[in-house]
Amino acid sequence: MTDGYPEEDYYKIQHFISESPWSAKDAMAEAAKDVNALFEGQGHVALIIDESGEEKKGDKSVGVGHQYCGNLGKTCNSQVAVFGALASDNMVSIIDTRLYLPKSWTDDPERCKNAHIPEQEIVFKTKTELALEIIIAQRAMGIRFDWINADGLYGHDSKLLGKLEELGELYVIDIHSNQTIFLEPFDVKVKPRTSTKGRAPTRLLPDKESVAADKHIATLSNKDWQKVELRKGTKGMLRVETYTQQVYVWDAEENKCLHRLLIVSRKKDGKGKWEYKYAFSNAKQQDYTIAELAYMQCHRFWVEHAFREAKQELGMTDYQVRGWLAWHHHIALVMMAMAFTLSEKIFNKESMPLLSASDVRLLLIHKFAETSQATLSIEEQLKNRHRIRQKDIDNRYKREQKNE
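Everything numeric here is computed off the predicted structure, so don't read it as measured data. Sequence order as written defines the numbering, with residues in each chain counted from 1. Predicted model: local features are reported for residues with pLDDT of at least 70 only, side-chain atom pairs are reported and counted for 80 or more only, and whole-chain, interface and lining totals are derived from all residues. Here the side-chain values reflect all heavy atoms present in the structure, with hydrogen atoms and water set aside.

**Brief notes about the overall build of the protein chain**
Put simply, DSSP H or I for four residues or longer makes a helix, DSSP E for two residues or longer makes a strand, and each gets a number counted from the N terminus. Scanning the protein chain from N- to C-terminus turns up 13 helices and 14 strands. Across its three principal axes, the protein chain shows a C-alpha extent of roughly 90 × 65 × 40 Å. Burial analysis of the protein chain (404 residues in total) assigns 43% to the buried set. Whether two residues are in contact is decided by their heavy atoms, any of which lying within 4.5 Å being enough. Long-range pairs, those at least 24 residues apart, make up 63% of the contacts in the protein chain with a sequence separation of at least 6. Taken as a whole, the protein chain presents about 22,900 Å² of accessible surface, with 49% of it coming from carbon and sulfur. Across the protein chain, the 57 positively charged side chains and the 59 negatively charged ones have centroids separated by 7 Å. Only protein chains enter the calculation, and the probe is 1.4 Å; a residue is then buried if its accessible area is under 20% of its type maximum, exposed if over 50%, and partly exposed in between. Areas reported as accessible are Shrake-Rupley estimates using a 1.4 Å probe. Residue values count occlusion only from the protein chains shown. Lys and Arg are tallied as positive, Asp and Glu as negative. Neither His nor the chain termini are counted. Where a charge sits is defined by one atom per residue type, namely NZ (Lys), CZ (Arg), CG (Asp) or CD (Glu).

Here is the structure:
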């Protein structure tokens, strides 16, 4: 026996994950197509880009290195990958990924060879370059999405945003609060000499003054914000206040003025303090209502929900593999499981609107393992649990209405 498995079964699983030549790429593509079909007819679909990392021990696991791990909020020895997820309202599923290889790997061919990384993949690529690969690959497959979301890492990359505009992709991508903006168009010029001493200025600079986004927001009054109801949540109606403004940014590499739509949403935390989220978009302000822009900006939340489901219920981080093929095989299987879970949620939406990935997992365990000795069937247990949960949700809305 090996870890609870008969030895021959254990080695079958090990071979299937680590050595079998089936294509992880093709499996991920099929999962993406399945999710795309499930979202057919939905009003809005977003492609959300985000990275996820896991702390690892040692230096053998493919891509591992001393790097920033967003899950832990610190730099540590970890594996990091960029993921793409499709989301429509509160339904979401991961459909693509690219494993990030630090330069400590791509500059060491022998190390890459030992991890069985394909030769064509031994090229250093930034996370934003990997994100662009995912976006282009999904479009090439015919996957439908109406806009792209990502966090501030991607919003900080003007090359990525420029490329998305070239491709005709609509994006609403987060930026950092201290992002430099201009409130009016500017020209890029060499500043005139102000002294006879020293060298004459040669550097091109904007001829208008810039301001940090958060500094600009601090000058606004309450009447500059519009209240928006985003969606019904389990804790009541999710409301934000949103501000939009046409702004301009300086592309220092190209020395030109770029147009951006600044979208800022705010809501109060549990202590009554305002929390702000900033984003850039290439949307034309006249083509969208503030409510629509706020909805697109806040949709990025769902990728965190996808990661939580994948890790807690579908085993995304429950692996002990080192090689390139094994890692991709494992993640492909997780994507297939997510697509199946999503299909169960959608197909049972009318009868079980609160069905979760955890519920689907329990149903499968009880169906195939037949371990339950409970008087009630697992279906009845879930329905009772959902009734209690729905009652709590309804009570929250009643209390909310009384307070309005």
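**Here's the deal with the pattern of salt bridges**
Salt bridges are defined as contacts in which a side-chain nitrogen from Lys or Arg sits within 4 Å of a carboxyl oxygen from Asp or Glu. Tallied over the full model, the rule gives 20 salt bridges. Residues Lys 208 and Asp 207 are paired through a salt bridge, measuring 3.8 Å at the closest nitrogen-oxygen approach. Here the residues in one salt-bridge network are Asp 96, Arg 98, Lys 125 and Glu 133, joined through shared partners.

**Digging into the environment of Lys 268**
Its place among the elements puts Lys 268 in strand 13 (residues 256-268). Residues in contact with Lys 268, not counting those within four places in the same chain, are Lys 273 and Trp 274.

**With respect to the pairing of strand 13**
The pairing of strand 12 (residues 236-251) with strand 13 spans 11 bridges and is antiparallel. Paired with Val 247 across the bridge in strand 13 is Arg 260. Strand pairing is assigned whenever DSSP identifies at least 2 bridges connecting the two strands. The turn joining strand 12 and strand 13, which pair antiparallel and follow one another in sequence, is formed by 4 residues; a positive phi near 55° is taken by Asn 255. As judged from the 8 bridges shared by strand 13 and strand 14 (residues 274-281), these two strands associate in the antiparallel manner. Note that in strand 14 the partner of Arg 266 across the bridge is Tyr 276. Adjacent in sequence and paired antiparallel, strand 13 and strand 14 are bridged by 5 residues, among which Gly 272 carries a positive phi angle near 80°.

**Looking at a nonpolar patch on the surface**
Residues Phe 16, Leu 333 and Met 336 make up a contiguous nonpolar surface patch of about 250 Å² in total accessible area. With relative accessibility at 39%, the residue Phe 16 sits in the partly exposed group. Patch rule: a residue counts if its relative accessible area is over 30% and it has no salt bridge; like charges are joined within 9 Å, and nonpolar side chains (Val, Leu, Ile, Met, Phe, Trp, Tyr) within 5 Å.

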